[in-house]
Amino acid sequence: MATIGEGVEAEVVARLAARGLTLATAESSTGGLVGHRLAAVPGASAVLAGGIAAYADAAKSALLGVPPELIAR
């Protein structure tokens, strides 16, 4: 496990690796920040499958299948 002071990102990567799990992100308001911070952790490539930063409404619908009605709400 990550030690204190390495940050939550390192802890997430360590816990995923320990369990043999992977993670993908779909981000909007963060503009990809979550994926960026995870990718900066050494060894993240073993657990980070990738991510999409769909900021524009059209991208949210086209890339992630978010219904336009939901976005409008």
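My aim in this report is to walk through the structure given alongside it, one point at a time. These numbers come from a predicted model, not from an experiment.

### Observations concerning the pattern of salt bridges
Thinking step 1. Enumeration according to the criterion identifies three salt bridges in this entry.
Thinking step 2. Linking E9 and R37 is a salt bridge whose minimum nitrogen-to-oxygen distance equals 2.3 Å. In this pair, E9 is assigned in helix α1 (residues 8-19) and R37 in helix α2 (residues 33-39), connecting sequence segments 28 residues apart.
Thinking step 3. Exposure remark for R37: the relative accessible area of 43% places this residue in the partly exposed category.
Thinking step 4. For the salt bridge of D57 with K60, the shortest nitrogen-to-oxygen distance reads 3.5 Å. A residue pair is termed a helical-turn pair when its members lie 3 or 4 positions apart in one helix, as D57 and K60 do in helix α3 (residues 57-64) at three residues.
Thinking step 5. The exposure class of D57 is partly exposed, given its relative accessible area of 44%.
Thinking step 6. Residue classification places K60 among the buried positions, given a relative accessible area of 18%.

### A look at the pairing of strand β1 (residues 23-27)
Thinking step 1. Pairing of β1 with strand β2 (residues 48-53), which is carried by five bridges, proceeds in the parallel orientation. Across the sheet, the residue bridging to E27 is A53, located in β2.
Thinking step 2. Following the backbone out of β1, through α2 and into the adjacent parallel β2, one traces a crossover that is right-handed.

### What about the nonpolar core?
Thinking step 1. Among the nonpolar cores identified, the biggest contains seven residues, and these are A10, V13, L16, L38, V41, A44 and V47.
Thinking step 2. With three residues, α1 is the single largest residue contributor to this core.

The rules behind each value
- Residues numbered from 1 in each chain as written.
- Predicted model: local features only at pLDDT ≥ 70, side-chain atom pairs only at ≥ 80, totals over all residues.
- Heavy atoms only, no water.
- Salt bridge = Lys/Arg side-chain N within 4 Å of Asp/Glu carboxyl O.
- Helix = DSSP H or I, 4+ residues; strand = E, 2+ residues; numbered from the N terminus.
- Buried < 20%, exposed > 50% of the residue type's maximum accessible area, 1.4 Å probe, protein only.
- Pairing = 2+ DSSP bridges.
- Right-handed = clockwise from strand over helix to strand, strands pointing away.
- Core = buried A, V, L, I, M, F, W, Y, C linked by side-chain atoms within 4.5 Å.

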